[in-house]
Every structure is written in structure tokens, then in C-alpha cells.
Amino acid sequence: MGLRRRTLAILVVLFVVLPVVEIILLVQLGQLIGLLPVLALVIVEALVGAWLSRRRWRSALESLQESMQPDAVTGPNTRSAGQLTDATDTAVFVAGGLALIFPGLITDLIALICLIPFTRRLPRTLLTGALERRITGLGDLSGMGSMGGFGRRRGGFADGDVIEGEVVDDVPPSKPRSDDGPVIIRGEIDDR
């Protein structure tokens, strides 16, 4: 299944199927315990979810601002694997708070999985793995490489150094160039 079809299927489930199922479950719960307790539950959950998300999001932004400050040793743009884990943990926690805002029993279950520390490990691990695959897929272009090299500068150049050069295509014009091979760049380093 292509990326567009998969995305469309996910959107249909999130915005059509899930709300219908949530309404059915809330109506069933309302018949069991009554309308007022269900409304109170929905309102309290939304308030708690909004408070949790806002609180965690604010601390995450402060942490991000601190990590963006230049460091004399590592420079301003270095990140560690621990910071990636912290970021994914915050993302999962905020997603749990947002899920708690939406009325329904299934979203409440998702929220609890994302908010409770020992159950949050699973979604955090899945998200971290997905991000690591994306970062590794970017290769040298990202400057991050695999997680083993995450946060380390490649080569011996400082941030902001410019290396002038030209792209040299070693493939004769009669043969089409494959995107699988490396691009060779030749140039000089000027130590000004």
C-alpha cells in the first residue's frame, strides 16, 4: 500500500471511525451510569488533559531553549541520544494529554498508555526507533548519521566553515548516472 493510501486510511480511521465508535461507547456508558456522570467525566478528563499537556509542553520548550544555547565544548547544534529520548518521552506524554482532552473511552485508554511511566515506555520506544530510522536514512546529509553518531560533528570542521568545491561526475555522458553511487566533490580548503 502506497504512502498516500496508508495516510488516507489512517485519517479515515481517526476522523470518521474512531469518533463514531467513541459516541457509541459513551452512549452505552451513559445508559449504565447516567448522563450527568458521563458529562462530568468528559469535562474533568478534558481539563486534566489540557493541564498536563500545557505543563509538560512548557517544560519541554524551556529544556529545548537551554539545549540550544551554545556550549564552549560541543557547539550549539549538537544533540545526544539522551536528548532524543527526552524529546520522544515528552512527545508521547503530550500526545497522551491531548488524547485525554478528546471525549471517549478509547482515547482515554490511549491517554493512559501514554501518561503512565511504565506503559509509556512502549510508545516512546516505537517513536524513538522510528526517528532513529529516519535520521539514519538521512545519512551524511543530516550531519547526524546513526544514533551512535547522533550529536557528533563529522570531520574536523567547525560550524560555519564553508568549503568551496565542484561536483565531478565520473560517469561518462553516454551512461546514465545511478543515484545509488557516491557523488565525488573535489575542492580546496582555505585556512583564512
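The shown structure was predicted, so the numbers you read here are calculated from the model rather than taken from an experiment.

The next thing to look at is the pattern of salt bridges. Counted according to the given criterion, the structure contains three salt bridges. Residues Asp 89 and Arg 56 are paired through a salt bridge, measuring 2.7 Å at the closest nitrogen-oxygen approach. In this pair, Asp 89 sits in helix H3 (residues 81-101) while Arg 56 sits in helix H2 (residues 35-68), placing the two residues 33 residues apart along the sequence. Overall, the relative accessible area of 11% leaves Asp 89 in the buried class. Arg 120 is the partner of Asp 89 in a salt bridge, and the nearest nitrogen-oxygen pair spans 2.8 Å.

Before going further, it helps to spend a moment on the environment of Val 94. Within the secondary structure, Val 94 sits in helix H3. Sequence-distant contacts of Val 94, defined by excluding residues within four places in its chain, comprise Ser 53, Arg 56 and Trp 57.

On the secondary structure map, Glu 45 appears in helix H2. For Glu 45, which is buried and forms no salt bridge, the nearest opposite charge comes from Arg 120, at a distance of 17 Å. For Glu 45, the residues in contact, after removing those within four places along its chain, are Leu 100, Ile 101 and Asp 108.

This next bit is on the UniProt feature "transmembrane region" (unreviewed entry) in the protein chain. In the numbering used here, UniProt assigns the "transmembrane region" (unreviewed entry) feature to residues 7-27, 33-52 and 92-118. Across residues 7-27 one finds 100% helix and 0% strand; the C-alpha atoms that close the span lie 29 Å apart.

Below, the discussion takes up the confidence of the model for the protein chain. Regions with low pLDDT should not have their predicted coordinates read in detail. In this model, the protein chain carries a mean pLDDT of 75, and residues with pLDDT of at least 70 account for 60%. In this model, residues 140-156 is a region of pLDDT below 50 whose contacts with residues beyond four sequence positions or in other chains number 28 contacts.

Below, the discussion takes up the nonpolar core. With six residues, the main nonpolar core is built from Leu 52, Phe 93, Ala 99, Leu 100, Ala 111 and Leu 115. Sorting the residues of this core by element identifies H3 and helix H4 (105-115) as the ones contributing at least two each. Per-element accounting of this core gives the leading share, three residues, to H3.

Now for H4. Those residues of H4 not exposed but buried are Thr 107, Asp 108, Ala 111, Cys 114 and Leu 115. Buried residues along H4 cover an arc of 125° about the axis, so they all sit on one side.

Below, the discussion takes up helix H1 (residues 3-33). With 31 residues, H1 should reach 45 Å at 1.5 Å per residue; the first-to-last C-alpha distance of 43 Å fits that figure. Its axis deflected by about 35° at Val 13, H1 carries its strongest bend there. Inspection of H1 places Leu 18, Glu 22, Leu 26, Leu 29 and Gly 30 among the buried residues, and these make up the whole buried set. Positive phi appears at Gly 34, one or two residues downstream of H1, with a value of about 110°.

A surface patch of nonpolar side chains, amounting to about 1000 Å² of accessible area, comprises Leu 8, Ile 10, Leu 11, Val 12, Val 13, Leu 14, Phe 15, Val 16, Val 17, Val 21, Leu 25 and Leu 105. If you tally residues by element for the nonpolar patch, the top one is H1, at 11 residues.

What follows is about the packing of H1 against H4. Put simply, H1 and H4 touch, their axes get as near as 7 Å, and they point 105° apart. With respect to their mutual orientation, H1 and H4 come out roughly perpendicular. Contact residues: Leu 18, Val 21, Glu 22, Leu 25 and Leu 29 in H1; Leu 105, Ile 106 and Thr 107 in H4. By residue class, the composition of the contact of H1 with H4 is six nonpolar, one polar and one charged.

Reading the values: rules and limits
- Residues numbered from 1 in each chain as written.
- Predicted model: local features only at pLDDT ≥ 70, side-chain atom pairs only at ≥ 80, totals over all residues.
- Heavy atoms only, no water.
- Salt bridge = Lys/Arg side-chain N within 4 Å of Asp/Glu carboxyl O.
- Helix = DSSP H or I, 4+ residues; strand = E, 2+ residues; numbered from the N terminus.
- Buried < 20%, exposed > 50% of the residue type's maximum accessible area, 1.4 Å probe, protein only.
- Contact = heavy atoms within 4.5 Å.
- Lys, Arg positive; Asp, Glu negative; His and termini not counted.
- UniProt positions renumbered as here; feature names shortened; annotations may be inferred.
- pLDDT = per-residue confidence, 0-100.
- Core = buried A, V, L, I, M, F, W, Y, C linked by side-chain atoms within 4.5 Å.
- Arc of directions from axis to C-beta.
- Expected span 1.5 Å × (residues − 1).
- Bend = angle between axes of the 7 residues up to and from the residue.
- Patch = residues over 30% accessible without salt bridge, like charges linked within 9 Å, V, L, I, M, F, W, Y side chains within 5 Å.
- Areas by Shrake-Rupley, 256 points an atom, 1.4 Å probe, with all protein chains shown as cover.
- Axes fitted to C-alpha atoms, helices over the stretch in contact; angles between N-to-C directions.
- Parallel < 35°, antiparallel > 145°, perpendicular 65-115°, else oblique.
- Nonpolar A, V, L, I, M, F, W, Y, C, P; charged D, E, K, R; others polar.

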